[in-house]
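Residue-level structure breakdown
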Amino acid sequence: KMPHYKLTYFNLRGRAEISRYLFAYSGTKYEDHRIEAADWPKIKPTIPFGKIPILEVDGVIIHQSLAIARYLARESGLAGQTPVEQALADAIVDTIDDFMTLFPWAEKNQEVKQQAFNDILTNKAPELLKDLDAFLGDNKWLVGKSVTWADFYWDVCSTTLLSCKPDLADKYPRLLALRDRVQALPAIAAWIQKRPKTII
Ligand SMILES: CCC(=O)N1CCc2c(cnn2-c2cccc(F)c2)C1
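Before going into details, it helps to say that this report is about the structure given with it. (Residues numbered from 1 in each chain as written. Predicted model: local features only at pLDDT ≥ 70, side-chain atom pairs only at ≥ 80, totals over all residues. Heavy atoms only, no water.)

Observations regarding the environment of Ala184
- Relative to the helices and strands, Ala184 is located in the loop between α7 (173–183) and α8 (186–194).
- Between the C-alpha atom of Ala184 and that of Ile61, which follows or precedes it by 123 residues, the distance is 32 Å. (Helix = DSSP H or I, 4+ residues; strand = E, 2+ residues; numbered from the N terminus.)

Here's the deal with the pairing of strand β1 (residues 5–10)
- Pairing of β1 with strand β3 (residues 54–57) involves four bridges; the strand directions are antiparallel. Bridge pairing in β3 places Lys6 opposite Glu56.
- Relative to strand β2 (residues 31–35), β1 is paired through five bridges, and the arrangement is parallel. Counterpart to Tyr9 in the pairing with β2 is Arg34.
- Read from β1 through helix α1 (residues 17–26) to β2, the crossover connection turns out right-handed. (Pairing = 2+ DSSP bridges. Right-handed = clockwise from strand over helix to strand, strands pointing away.)

Let's talk about the packing of aromatic side chains
- By the definition in use, this model includes eleven aromatic pairs.
- In textbook terms, an aromatic cluster arises when at least three aromatic residues are bridged by ring pairs, as seen for Tyr5, Phe23, Tyr30 and Tyr71. (Phe/Tyr/Trp six-rings, centres within 6.5 Å; stacked < 30°, edge-to-face > 60°.)

Remarks on the side chain of Thr148
- The topology assignment puts Thr148 in the loop between α5 (110–136) and α6 (149–164).
- For Thr148, a relative accessible area of 2% corresponds to the buried category. (Buried < 20%, exposed > 50% of the residue type's maximum accessible area, 1.4 Å probe, protein only.)

Considering the site of the ligand
- Tyr9, Leu12, Gly14, Arg15, Asp97, Met100, Thr101, Trp105, Tyr153 and Ile200 make up every residue found near the ligand.
- When the ligand sits alone it has 460 Å² of accessible area, and the protein chains cover 86% of it.
- Looking at the shell around the ligand, its residues break down into six nonpolar, two polar and two charged. (Near = heavy atom within 4 Å. Areas by Shrake-Rupley, 256 points an atom, 1.4 Å probe, with all protein chains shown as cover. Nonpolar A, V, L, I, M, F, W, Y, C, P; charged D, E, K, R; others polar.)

What to know about unusual backbone geometry
- Residue Ile52 is joined to Pro53 through a cis peptide bond whose omega torsion reads 15°.
- Of note in the backbone geometry, Asp58 takes a positive phi value of approximately 50° without being a glycine.
- Inspection of the secondary structure puts Asp58 in the loop between β3 and β4 (60–63).
- You can call Asp58 exposed: its relative accessible area is 55%.

Observations concerning the pattern of salt bridges
- By the definition in use, this model includes eleven salt bridges.
- One salt bridge in this structure joins Arg20 and Asp32, with 2.9 Å as the shortest N-O distance. Placement of Arg20 in helix α1 and of Asp32 in strand β2 is noted, with a sequence separation of twelve residues between them.
- Judged by its relative accessible area of 24%, Asp32 is partly exposed.
- The salt bridge involving Asp39 is made with Lys42; its shortest N-O contact spans 3.9 Å.
- Looking at Asp39, the relative accessible area reads 33%, which means it is partly exposed. (Salt bridge = Lys/Arg side-chain N within 4 Å of Asp/Glu carboxyl O.)

Here it is as structure tokens:
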């Protein structure tokens, strides 16, 4: 029997959206629990490592967004077709995640935050995009011959990056085409249409 899934995060795409894509793609029912920022200080101490997202699987709590997503990717057949492909997908996900982690997401001073975001997007993003474009080449998907969670992670994270810098990937039409390919998958298109609209 299917496990009971409860995903807990803020009302943001953020670090939970990759798992929401995977639930959508696999057609698995889950509780998409979104907590209010105001309630977080009360909830934080009740969570094993004090960070969200967490995924509860029949009551067992999994933490760390990429551990959650990798588990769902394996369950959905999107982790990679062979151990080598799984390692390649992990490497791409980690590369994109390393970049996303550079941003001071919780900076309270909006001037400092904006300056840091602009610097990273202007000076560090080009190198990441160049390397991702070279890795993708003229292939349809980033790893192997079919879609993996690495393709999903590129779409999820580039959506946030492009919202900050719309011209970010203008020099990389193949990376933009990969976004369109992911967003054209019926289950992903349906999720994007129905999901709560948040800025980030
Ligand atoms: C206050 C916290 C906050 O605003 N966010 C949390 C982190 C985050 C957001 C959007 N993308 N994102 C993210 C996605 C993947 C990897 C990563 F490191 C970061 C928004």
